[in-house]
Each structure stands twice: as structure tokens, then as C-alpha cells.
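Residue-level listing of the chains:
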Amino acid sequence: MVTATACLLLLAVGTGAAIATRRHVLTALGVVLLVVGVGVAAVFAVPPHDWERDPPPPPPADRPICRSGGDSDDCPGG
């Protein structure tokens, strides 16, 4: 989100500078890049909640917690 915002802000500032200096080719290029940048930012936006992971489920209460490997009868299979 921060990267997309910085990119769009820099494109807007660059296009504004091109408009202020009356550079028509650079203004047209800036407008095209700004439109493409907005489109890319909209299409590839990832909501922040997609990056969060759920905590692992707790072990079942009817089973002992194995901490030393799987060599004992209380912890079959590790």
C-alpha cells in the first residue's frame, strides 16, 4: 500500500511539473503513466487481512503434550 501510494504521488508530482513547465510530450507521457499506475494499483491491491495467519490450533485436551520426541508410550508417533 505504501509503495503504490508513493508511486502514484511521484507520478502526480512529475506530471504536475511537466504541466507547469509546458512540456507537452512529458505531460502526455505523465498522464498515460498516471492512468496506468492507478489501474495497476487497483488491480493488484491486496487487502492487509490476507497477510495475517491464523494461530495454530491447540492440541486436543484428551491427548498428552509430547515434548521429548516420540519414544515413549504416551507419545506414539512423535
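As a reminder, the structure under discussion sits directly above these lines.
Basis of the calculations
Within any chain, residue numbers begin from 1 and follow the written order of that chain's sequence. Only residues with pLDDT of 70 or above have their local features reported here, since the model is predicted, and side-chain atom pairs are shown and tallied only from 80 upward, although totals for entire chains, interfaces and linings are computed over all residues. Just so you know, side-chain values use all the structure's heavy atoms and leave hydrogens and water out. Think of it this way: any DSSP run of H or I at least four residues long counts as a helix, any run of E at least two long counts as a strand, and we number them from the N terminus. Working definition: with a 1.4 Å probe on protein chains only, accessible area under 20% of the residue-type maximum means buried, over 50% means exposed, and in between means partly exposed. We call two residues in contact whenever any of their non-hydrogen atoms come within 4.5 Å of each other. The span one expects for a helix is its residue count, reduced by one, times 1.5 Å. Throughout, the arc means the angular range of directions from the helix axis out to the C-beta atoms.

Caption draft 1: Looking closely at unusual backbone geometry. In this model, Arg-22 sits at a positive phi of 55°, which is unusual for a non-glycine residue. Tracing the backbone through its elements, the reader meets Arg-22 in the loop between α1 (2-20) and α2 (24-43). By relative accessible area, Arg-22 is classed as exposed at 69%.

Caption draft 2: Region of the structure containing the side chain of Thr-27. Secondary-structure assignment places Thr-27 in helix α2. Under the relative-accessibility criterion, Thr-27 is labelled buried at 18%. Each residue touching Thr-27, except ones within four places of it in the same chain, is listed here: Thr-15, Ala-18 and Ile-19.

Caption draft 3: Structural context of the environment of Pro-47. Within the secondary structure, Pro-47 sits in the segment after α2. When the C-alpha atoms of Pro-47 and Met-1 are compared, they prove to be 8.9 Å apart, with 46 residues separating the residues in sequence.

Caption draft 4: Examining α1 more closely. With 19 residues, α1 should cover 27 Å at 1.5 Å per step; its first-to-last C-alpha distance of 27 Å lies within 8% of that length. Packing partners of the buried residues in α1 comprise α2. Immediately downstream of α1, the backbone of Arg-22 shows phi near 55°, a positive value.

Caption draft 5: View of the side chain of Thr-15. Topologically, Thr-15 is positioned in helix α1. According to the relative accessible area criterion, Thr-15 is buried, its value standing at 7%. Beyond its immediate chain neighbours, meaning those up to four positions away, Thr-15 contacts Thr-27, Gly-30 and Val-31.

Caption draft 6: Highlighting α2. Taking 1.5 Å per residue as the helical rise, α2 with its 20 residues ought to reach 28 Å, and the 29 Å between its terminal C-alpha atoms agrees with that figure. For α2, the full list of buried residues reads Thr-27, Gly-30 and Gly-37. Seen along its axis, α2 keeps its buried residues to an arc of 85°; they face one direction. For α2, the exposed residues set more than 90 degrees away from the buried face come down to His-24, Val-25, Val-35 and Val-43. Against α1 lie the buried residues of α2.

Honestly, that's just the spatial picture; any functional story needs more than this.
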